[in-house]
Amino acid sequence: MCRPPRSTRSTRRTSRRLVPFVAIALTLTPPARAEEPAPPARATEPTPPALPPGPADSAKPAPPQDAKLPEVSVRGEASGSRLSRSAEAVSVIDMKRAHAHRASADMGEVLARSPGIIVRREGGLGSTARVSLNGFQDEQVRFFVDGVPLAYTGMTFGVANVPIDFVERVEVYRGVVPIRFGADALGGAINLVTEPKRGTRTSASYQVGSFGTYRATVAGHYFDPQTGFFARANAFYDRAKNDYSVDVDVPGAGSRTERATVHRFHDAYRAYGAGLEAGVLDRGWARRLSLRVYGTAFDKDIQNNLIMANPYGEVRAGVDSLGATARYQSPFVPVGSTKLSVSTITGYDHRSIAFVDRAEWNYDWFGRRTVPTGSRQGETGGFKTDQVLREHAVFERLGLDWVVSPDLVLRAQMAPTWVSRAGEQKLPLEPGKADPLSGGRKLLTWTNGLEADVHLFDRRLQNIAFVKHYYMSSQADELVTDTQFRSTDRTDSSFGGGDALRFRFLPWLYGKASYEHATRLPSPTELFGDGTLVEGNIALVPETSDNVNVGFLIETGPTRAGALTAEVNGFLRYADHLITTIINNTSYDYQNVYSARSAGGEGLVGYRSPGDYFSLDGSLTLQDFRNTSNEGAFFKMEGDRIPNLPWLFGSLSARARVPDVVTRRDEVSLAWTTRYLHDFYRSWEGQGEKASKDHLASQLLHSVALTYLLRSPATLSATLEAQNLTDARAYDNFGVQRPGRAFFFKGTFERDWDAW
């Protein structure tokens, strides 16, 4: 861990951090009143839910109705489209327009088709996935479901494994995150919006495929417009053997090793869960009042160590989660010539994190027992363990919206989160020794924010300026002798801020620029470990980064020649105290790197033909993320690219649709997707001889899907999909091999009871 003295920061960096505060002073200058009617203020609840009307729905005037957009497009309709055209540094993936609900691709695959995003896994379905956004990854990117941190919604298995059928759209915030999330995000945030539209509807899906994969979902929603009562419920079940073939080194003649193709034999995954929410909408005393309860669980066999060198036969992990979330959003109350609204989200989550490594034997890649592990050592190389960590989390999001004038809205947000964790070793301890897991660990984070949202020049110009304050207090009891614990405490406090600007040059041409001096507080997993393969580091300090985005957006809308969407963005990141992953063969932890810089660009082009008979989408990202440390443990690698991180990647997808094949209510569509990933080094590029450096080769993967859709009182679909069509060798996180060619079938059912 390297923490530089504050005196070493350059004058240039200090001047950059003054930008948000100067912008706020300019923004608070009284604006000229626009002529268009005043819209109601955007609520502080993150993302504009369709039930009830949300922030982007109410804060911005409605654009013309857009026709169907290209698949895996970064444009959404209705609230999603208005949000993407705002000053915020956000792009929106509309899952319906992306045809994601009917495809077998999971959330990780959908995210990976968007510019700037890389999703790397440590195996098949259910495996740990690392999501990177413009170079930042892991906890540096925050994840939410309807504005609630992902970890406190029951989705403890990671964003890539979230059931895709529950998500209406995905909002990707790049480097600059609105205060309404109450987030300490360094590189951005990804928000999954699950809210359905008003009405009564039911849906279900079932998927089966290669490697013993089974996935099922069911969901329902009811709304009574007379009383305002609504209720919705969903449930899911996932199971996979993940017994795909991999190429590994096995013992050969003498002391030599030889290459062999084997099937993974201990990589099974099972997850299930359910949620229920009920409340009222659109009452005179509440725009929304609701309570959601949930329960989820997953179990995962662990096949190998992080670099796929040592196989395991009995190591496994799992998480059980129970919790509840309450929401309240008031109507706007007149206060003189202004209006006020308050909103709150309060939640509790309890998790039990289990990890078991108590096998009596080691295993080889053929699933055979080899040599005994011994009386104390487990398969992973550490002591035998059968442990459970119990975590309690309480969080609050309290927001205030003040509509000062039709073109000026002020917002305030307060977001404390408290987490405590303690554990238990179920295996017998040596006499006279205390259980090191029993030591308590506590973390309090508190993020506050103020924001000014201004519209000028007949609302062609929008400017959002904000300031944030971050506070962290952590405490951990560490065993220092056989029976005594020592308490280690840390506190940290800092300020940040930023500004986001959007100008509409023409009805179809937008320009955007944004900046934030961002801070991310270390997470409980980074500080305390996860009880499985992540070791804690209580000495971590918060990360900071100066994030800049500049870009242009073109949306022509439907024309006689079709509809064109194009977006190009440039980004720059200067990070201090960057927290990065340090791995060894059996586990990994997190350490601070003094500084790093990420610069690059990304672009997207989408075309949709008249009648939506054909669509084409392509994206490309180039990012240069380098270590800039000139002192400390990493100064010898100054100027090197951050290792194990792709720097050039892209995707291309095409879809053709033929309607009225058998009846006037059906259609057949064929979709093709190609993803490219350029080669990159797994270790520091400046260390060692180039010929002997460990690197991952370039990858080109293809998938194809054929869908039949029938619209009747219910909408039915059936999809056959082949992934990794050419059976190419695909490698991902730390060189772990991904599945080869795979085939899937997915059937869906949807019924809108109000429409028939």
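What counts and what doesn't
In this convention, every chain numbers its residues from 1, walking through the sequence in written order. Selection of residues for local features in this predicted model requires a pLDDT of at least 70, selection of side-chain atom pairs for listing and counting requires 80 or more, and totals for whole chains, interfaces and linings are taken over all residues. Remark: hydrogens and water are excluded; side-chain values derive from all non-hydrogen atoms of the structure. Under the DSSP-based scheme used, a helix requires at least four consecutive residues in state H or I and a strand at least two consecutive residues in state E, with every element numbered from the N terminus. Three labels apply to residues, based on accessible area from a 1.4 Å probe with only protein chains included: buried if under 20% of the type maximum, exposed if over 50%, partly exposed otherwise in between. When checking whether two residues touch, look at their non-hydrogen atoms; a contact exists if any pair is within 4.5 Å. Computed by Shrake-Rupley with a 1.4 Å probe, the accessible areas treat only the displayed protein chains as cover when residues are assessed. Here the rule is simple: two strands pair whenever DSSP picks up at least two bridges between them. Aromatic rings from Phe, Tyr and Trp, with only the six-membered ring used for Trp, were paired whenever their centres fell within 6.5 Å, and each pair was classed as stacked if the ring planes differed by under 30 degrees, edge-to-face if by over 60, and tilted otherwise. Think of it as a cone above the ring: NZ of Lys or CZ of Arg counts as a charge over the ring if it is within 6 Å of the ring centre and within 35 degrees of the ring normal. Polar contacts, as counted here, are pairs of nitrogen or oxygen atoms within 3.5 Å of one another; within protein the pair requires one atom able to donate a hydrogen and one able to accept it, and residues that are adjacent in sequence qualify only if both atoms are side-chain atoms. When a carboxyl oxygen of Asp or Glu lies within 4 Å of a side-chain nitrogen of Lys or Arg, that pair is called a salt bridge. Residues qualify for a patch when their relative accessible area is over 30% and they have no salt bridge, like charges being joined within 9 Å and the nonpolar side chains of Val, Leu, Ile, Met, Phe, Trp and Tyr within 5 Å. Nonpolar core, defined: a set of buried Ala, Val, Leu, Ile, Met, Phe, Trp, Tyr and Cys residues in which side-chain atoms within 4.5 Å join the residues together.

**Q** Help me out: how do you make sense of the overall build of the protein chain in this one?
**A** Counting its secondary structure elements, the protein chain contains six helices and 37 strands. Within the protein chain, buried positions represent 58% of all 756 residues. Once local pairs closer than 6 in sequence are excluded, the contacts in the protein chain between residues at least 24 apart make up 67%. Counting only carbon and sulfur atoms, one obtains 60% of the accessible surface of the protein chain, whose full area is about 30,000 Å².

**Q** Even after reading the chapter, I still don't get the sheet that holds strand β3 (residues 129–133), so can you show me in this structure?
**A** Sheet strands line up and pair through hydrogen bonds in the backbone, either parallel or antiparallel. Reading across the sheet, the three strands line up as β2-β3-β4 and stay open at both edges, with antiparallel pairing between neighbours. With partners counted over all chains shown, the strands left at the sheet margins are β2 (117–121) and β4 (136–137), one partner each. Looking at chain direction, β2 and β3 are connected through five bridges and run antiparallel. Residue pairing in the sheet places Arg121 in a bridge with Ala129 of β3.

**Q** What exactly am I supposed to notice about the sheet that holds strand β8 (residues 188–193) here?
**A** Read across the open sheet, the five strands follow the order β1-β7-β8-β5-β6; overall the sheet is mixed. Two strands close off the open sheet at either side, each with one partner strand: β1 (90–94) and β6 (148–149). Pairing geometry for β1 and strand β7 (residues 169–174), over five bridges, is antiparallel. Across the sheet, residue Ile93 finds its bridge partner in β7, namely Val170.

**Q** Mind showing me how you'd approach the packing of aromatic side chains here?
**A** Each aromatic ring pair is characterised by the separation of its centres together with the angle its planes make. Counting across every chain of the model gives 13 aromatic pairs. With a centroid separation of 5.6 Å and an interplanar angle of 15°, the aromatic rings of Tyr152 and Phe395 are classed as stacked. Of the two residues, Tyr152 sits in the loop between β6 and β7 while Phe395 sits in strand β21 (residues 385–405), which places them 243 residues apart along the sequence. Here Tyr152 falls in the buried class, since its relative accessible area comes to 8%. Between Phe503 and Phe505 the ring centres are 5.0 Å apart and the planes differ by 70°, which places this aromatic pair in the edge-to-face class. Given a relative accessible area of 25%, Phe503 falls into the partly exposed group. What makes Phe505 partly exposed here is its relative accessible area of 39%. It is Arg641 that lies over the ring of Trp647; its NZ or CZ is 4.5 Å from the centre.

**Q** Before we go on, may I ask you to explain the environment of Arg288 in this structure?
**A** Assignment of secondary structure puts Arg288 in strand β15 (residues 286–301). By relative accessible area, Arg288 is classed as buried at 1%. Residues Arg288 and Ser343, 55 residues apart in the sequence, show an inter-C-alpha distance of 9.1 Å. Among the polar contacts made by the side chain of Arg288, one reaches the side chain of Ser290 at a distance of 3.4 Å.

**Q** What am I meant to see in the pattern of salt bridges here?
**A** Pairs can form between side chains of opposite charge whenever their charged atoms are close. What the rule picks out here adds up to 44 salt bridges. Residue Arg358 pairs with Asp386 through a salt bridge whose shortest N-O separation is 3.2 Å. In this pair, Arg358 sits in the loop between β18 (338–357) and β19 (361–363) while Asp386 sits in strand β21, placing the two residues 28 residues apart along the sequence. The salt bridge partner of Glu543 is Arg520, with a shortest N-O separation of 2.6 Å. Here Glu543, found in strand β27 (residues 543–555), pairs with Arg520, found in strand β26 (residues 509–520); they are 23 residues apart in sequence, far enough to count as distant.

**Q** What exactly am I supposed to notice about a nonpolar patch on the surface here?
**A** Together, Phe505, Leu506, Trp508, Phe552 and Val568 line one region of the surface with nonpolar side chains, adding up to about 470 Å² of accessible area. Its location among the elements puts Phe505 in strand β25 (residues 485–506).

**Q** How do you make sense of unusual backbone geometry when you look at a structure like this?
**A** If a residue is not glycine, its phi is most likely negative; likewise, a peptide bond is most likely trans. Backbone geometry places Asp458, a non-glycine residue, at a positive phi of 55°. Summarising the element assignment, Asp458 is placed in the loop between β23 (441–456) and β24 (461–479). Taking the relative accessible area as the measure of exposure, Asp458 reaches 48% and is therefore partly exposed. With a phi angle near 50°, Asn724 is a residue other than glycine that sits in the positive phi range.

**Q** Looking at this structure, how should I read the nonpolar core?
**A** Note on soluble globular proteins: their nonpolar side chains tend to be buried together. Counting residues in each nonpolar core, the largest one holds 51 residues, and the members touching the most others are Met95, Met107, Leu111, Val170, Ile190 and Leu192. Per-element accounting of this core gives the leading share, four residues, to helix α5 (residues 107–112). Among all residues touching Met95, those that are not within four sequence positions of it are Ala100, His101, Met107, Val110, Ile164, Val167, Glu168, Arg169 and Val170. Ranked by size, the runner-up nonpolar core spans 14 residues in total, among them Leu443, Tyr470, Val534 and Tyr590.

**Q** Got a minute to help me understand the environment of Leu322 in this structure?
**A** Its location among the elements puts Leu322 in strand β16 (residues 316–329). Among the residues examined, Leu322 registers a relative accessible area of 54% and is labelled exposed. Residues Leu322 and Arg351 lie 29 residues apart in sequence; the distance between their C-alpha atoms is 6.7 Å. Once you skip the residues sitting within four places of it in the chain, Leu322 turns out to touch Tyr294, Gly295, Tyr348, Asp349 and His350.

**Q** What is the right way to read the pairing of strand β10 (residues 213–223) from this model?
**A** Regular strands have side chains that alternate between both faces of the sheet. Every second residue of β10 is oriented toward a common face, the buried set being Thr213, Arg215, Thr217, Ala219, His221 and Phe223 and the non-buried set Tyr214, Ala216, Val218, Gly220 and Tyr222. Looking at chain direction, strand β9 (residues 201–209) and β10 are connected through nine bridges and run antiparallel. Paired with Ser203 across the bridge in β10 is Ala219. Hairpin remark: β9 followed by β10, antiparallel, with three residues in the connecting loop; positive phi at Phe211, about 60°. Where β10 and strand β11 (residues 229–240) come together, 10 bridges link them in antiparallel fashion. Its bridge partner being in β11, Arg215 is matched across the sheet by Asp238. In this structure, the hairpin formed by β10 and β11 is closed by a connection of five residues, where Gly228 is found at a positive phi of approximately 80°.

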